[in-house]
Amino acid sequence: MTKTTDVLTTPAPGTVVKPVHEYDDEQRAKLQTLREYAYSLHLPESDSYAPWERRWLDKPDTLPRYLRAAKWKLDDARKRIKGTLEWRREFKPELIPPDEVKIEAATGKIILTGFDVDGRPIIYMRPGRENTETSPRQLRHLVYILERAKDLMPPGQESLMIIVDYKSTTLRTNPSISVARKVLTILQHHYVETLGRALVVNLPGILSFFYKGISPFLDPVTRDKMRFNPDLFELIPRAHLDADFGGDYEFEFDHEAYWSQLIQACGIAPDGTRVAKTGLEAAASHPTGIPTAAKDHSPR
């Protein structure tokens, strides 16, 4: 194995994206009804955030995720998506400038690199590497990484994997239950159906109380996706599994190299918007092969 600072931004060769969601006529009708409702709430075009809101609503996974989370109950789906639209207007998750949260990534406490066997981006969380005091910026950094994970999802993939590694974590570095509640609120309410798997490894007995403390705030769907000390080789290709867990990916964390690669792979501009693609890049990524006109820093 050779040490590397390269961030893995595409799935392993031969990866088949799963699960694939297919919908019957009744479900498609409900999707259309929810679409009409969501667009009735859309910000006026005069609002500077309107293009970003439309960009989110136009993504093929947005509305289906909210209906699946609501068990296809329209009233619940309407309430959920309205709540997220209001949250996104205040938080503006896709417009967080990289430099605003860069310090939070300095020690590698949250790293986005690699993909599981189903093509889900992997977020490694290591609470033992905590380097800052509790603040809103910590949550903004987490949201920034969630947005970058969504940027890196291959076509058809709608979820991600989180690995929480408690090696070297202490009572001092472990997040408080109140912070964990805020994280769960964001994940469960505003990134519905985005958590594909949550794996917890190296959990010391002294911290078992932490999961007992947050258990009441875990919805059943999230709880079902959690696994403690699973066989990681069944879930992640060896070439994408960090060597810390026995994989062949000997990732050597370098703050500047990691941060710049993530920004470049996702096309993030210094102000948090997007860097316009060149003509050839746009043609390659556009469904028709023909690029559309776009200004720098506009939603794509």
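Being a predicted model, the structure only gives us computed values, none of them experimental.

### What about the packing of aromatic side chains?
Next, step 1: Overall, the coordinates contain 10 aromatic pairs when judged by the stated rule.
Next, step 2: Through pairs of rings, three or more aromatic residues link up here, namely Tyr144, Tyr249, Phe251, Phe253, Tyr258 and Trp259.
Next, step 3: Positioned over the ring face of phenylalanine 233 is arginine 238, at 3.9 Å from the centre of the ring.

### Digging into helix α6 (residues 136-152)
Next, step 1: Helix length check: α6, at 17 residues, gives a terminal C-alpha distance of 25 Å against a target of 24 Å (1.5 Å per residue), a fit within 8%.
Next, step 2: Where burial is concerned, most of α6 is hidden: 14 out of the 17 residues are buried.

### Re the pairing of strand β3 (residues 160-165)
Next, step 1: Counted residue by residue, β3 has 6 buried out of 6 residues, so it is predominantly covered.
Next, step 2: Alternating residues of β3 divide into Leu160, Ile162 and Val164 and Met161, Ile163 and Asp165, and every residue in both groups is buried.
Next, step 3: Bridge count between strand β2 (residues 121-125) and β3: 4 bridges; the pairing is parallel. Across the sheet, residue isoleucine 123 finds its bridge partner in β3, namely isoleucine 162.
Next, step 4: For the segment spanning β2, α6 and β3, crossover handedness is right-handed.
Next, step 5: Bridge count for β3 against strand β4 (residues 195-201) is 6 bridges, and the pairing is parallel. Looking at the pairing, valine 164 lines up with valine 200 of β4.

### Looking at the environment of aspartate 231
Next, step 1: Mapped onto the secondary structure, aspartate 231 falls in the loop between β5 (226-228) and α10 (255-266).
Next, step 2: Sequence separation between aspartate 231 and phenylalanine 245 is 14 residues; the distance between their C-alpha atoms is 10.0 Å.
Next, step 3: Within the structure, the side chain of aspartate 231 is placed 3.1 Å from the backbone nitrogen of phenylalanine 233, a separation counted as a polar contact.

### Considerations on the environment of valine 201
Next, step 1: Position of valine 201 among the secondary structure elements: in strand β4.
Next, step 2: Along the sequence, valine 201 and valine 164 sit 37 residues apart, while their C-alpha atoms lie 6.2 Å from each other.
Next, step 3: What valine 201 contacts, discounting residues up to four positions off in sequence, is Ile163, Val164, Asp165, Tyr166, Asn229, Pro230 and Phe245.

### Things to note about the sheet that holds β4
Next, step 1: In space, the 5 strands of this open sheet follow the order β1-β2-β3-β4-β5, with mixed pairing throughout. Two strands in the sheet have a free side with no partner beyond their single neighbour: β1 (110-115) and β5. Between one strand axis and the next, the sheet turns by 20° as a mean value, whatever way the strands run.
Next, step 2: Helix-sheet contacts for α6 involve β1, β2 and β3, and the interaxial angle to β1 is about 15°.

### Observations concerning unusual backbone geometry
Next, step 1: The omega torsion of the bond from lysine 18 to proline 19 falls at -5°, within 30 degrees of zero and hence cis.
Next, step 2: Residue placement: proline 19 occurs in the segment before α1 (25-40).
Next, step 3: Even without being glycine, lysine 92 reaches a positive phi, approximately 50°.
Next, step 4: Along the chain, lysine 92 falls in the loop between α4 (74-91) and α5 (98-101).
Next, step 5: Owing to a relative accessible area of 31%, lysine 92 belongs among the partly exposed residues under this scheme.
Next, step 6: Here the phi dihedral of glutamate 193 falls at roughly 60°; this positive angle occurs in a residue that is not glycine.

What counts and what doesn't
Residues numbered from 1 in each chain as written. Predicted model: local features only at pLDDT ≥ 70, side-chain atom pairs only at ≥ 80, totals over all residues. Heavy atoms only, no water. Phe/Tyr/Trp six-rings, centres within 6.5 Å; stacked < 30°, edge-to-face > 60°. Lys NZ or Arg CZ within 6 Å of the ring centre and 35° of its normal. Helix = DSSP H or I, 4+ residues; strand = E, 2+ residues; numbered from the N terminus. Expected span 1.5 Å × (residues − 1). Buried < 20%, exposed > 50% of the residue type's maximum accessible area, 1.4 Å probe, protein only. Pairing = 2+ DSSP bridges. Right-handed = clockwise from strand over helix to strand, strands pointing away. Polar contact = N/O pair within 3.5 Å; in protein donor to acceptor, adjacent residues only side chain to side chain. Contact = heavy atoms within 4.5 Å. Axes fitted to C-alpha atoms, helices over the stretch in contact; angles between N-to-C directions.

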